[in-house]
Each structure stands twice: as structure tokens, then as C-alpha cells.
Amino acid sequence: MRTDDDREYFNRRAEAEIEAASATENPAACRAHYQMAELYLERAFSDEEDAASEDAPAA
């Protein structure tokens, strides 16, 4: 299970990626920053068990 510190870290990283996305004029870089922000937010708002079940092969 993620700790509050983990969630805070992932939220800060997502915010930094969103800021970087808004600061760039390169569309590919902007898209990449938003994709990274999305991944950080997914980690911030999910439990490790959720992530592990997504990686497990289907029965």
C-alpha cells in the first residue's frame, strides 16, 4: 500500500510534469509531459495491489 509520502511525491511529480507541458512549445514534448503526469497521478491514487493485479496474467 502506498504511504502518504509516496502519494505526495507522485502528486508533486505530476504537477511538475504539467508545468513542463505548459512551458514547452514542442507538441511532442507537451504530449510526453502530460502522459508522464497521468502516470504519476495513477500511481498517486492507486494501491500497489491494484497495480499488481493489472500486471498479473489472466487466469
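Just above sits the structure.
Anyway, here's the lowdown on the structure attached to this text.

The rules behind these values
- Residues numbered from 1 in each chain as written.
- Predicted model: local features only at pLDDT ≥ 70, side-chain atom pairs only at ≥ 80, totals over all residues.
- Heavy atoms only, no water.
- Helix = DSSP H or I, 4+ residues; strand = E, 2+ residues; numbered from the N terminus.
- Polar contact = N/O pair within 3.5 Å; in protein donor to acceptor, adjacent residues only side chain to side chain.
- Patch = residues over 30% accessible without salt bridge, like charges linked within 9 Å, V, L, I, M, F, W, Y side chains within 5 Å.
- Areas by Shrake-Rupley, 256 points an atom, 1.4 Å probe, with all protein chains shown as cover.
- Salt bridge = Lys/Arg side-chain N within 4 Å of Asp/Glu carboxyl O.
- Lys, Arg positive; Asp, Glu negative; His and termini not counted.
- Charge placed at Lys NZ, Arg CZ, Asp CG, Glu CD.
- Core = buried A, V, L, I, M, F, W, Y, C linked by side-chain atoms within 4.5 Å.
- Buried < 20%, exposed > 50% of the residue type's maximum accessible area, 1.4 Å probe, protein only.
- Axes fitted to C-alpha atoms, helices over the stretch in contact; angles between N-to-C directions.
- Parallel < 35°, antiparallel > 145°, perpendicular 65-115°, else oblique.
- Left-handed = near helix turned anticlockwise from the far one by under 90°.
- Contact = heavy atoms within 4.5 Å.
- Nonpolar A, V, L, I, M, F, W, Y, C, P; charged D, E, K, R; others polar.

What to know about the side chain of Arg2
Mapped onto the elements, Arg2 comes out in the segment before helix 1 (4-23). In this structure the side chain of Arg2 is engaged in a polar contact, spanning 2.7 Å, whose partner is the backbone oxygen of Arg43.

Examining a negative patch on the surface
On the surface, Asp4, Asp5, Asp6 and Glu8 cluster together to form a negatively charged patch. With respect to the element layout, Asp6 can be found in helix 1.

Quick look at the nonpolar core
Counting residues in hydrophobic clusters, the biggest one holds five residues: Phe10, Ala14, Ala37, Tyr40 and Ala44. Broken down by secondary-structure element, the contributors of at least two residues to this core are helix 1 and helix 2 (27-44). It is helix 2 that provides the largest number of residues to this core, a total of three residues.

Some words on the environment of Met1
Mapped onto the secondary structure, Met1 falls in the segment before helix 1. Residues Met1 and Ser46, 45 residues apart in the sequence, show an inter-C-alpha distance of 8.6 Å.

Some thoughts on the packing of helix 1 against helix 2
Relative to each other, helix 1 and helix 2 sit at 165 degrees, their axes nearing to 8 Å. Put simply, helix 1 runs roughly antiparallel to helix 2. Remark: the crossing between helix 1 and helix 2 carries left-handed chirality. Between helix 1, through Arg7, Phe10, Asn11, Arg13, Ala14, Glu17, Ile18, Ala20 and Ala21, and helix 2, the contact on the second element is made entirely by Cys30, His33, Tyr34, Met36, Ala37, Tyr40, Leu41, Arg43 and Ala44. Its residues placed into classes, the contact of helix 1 with helix 2 shows twelve nonpolar, two polar and four charged.

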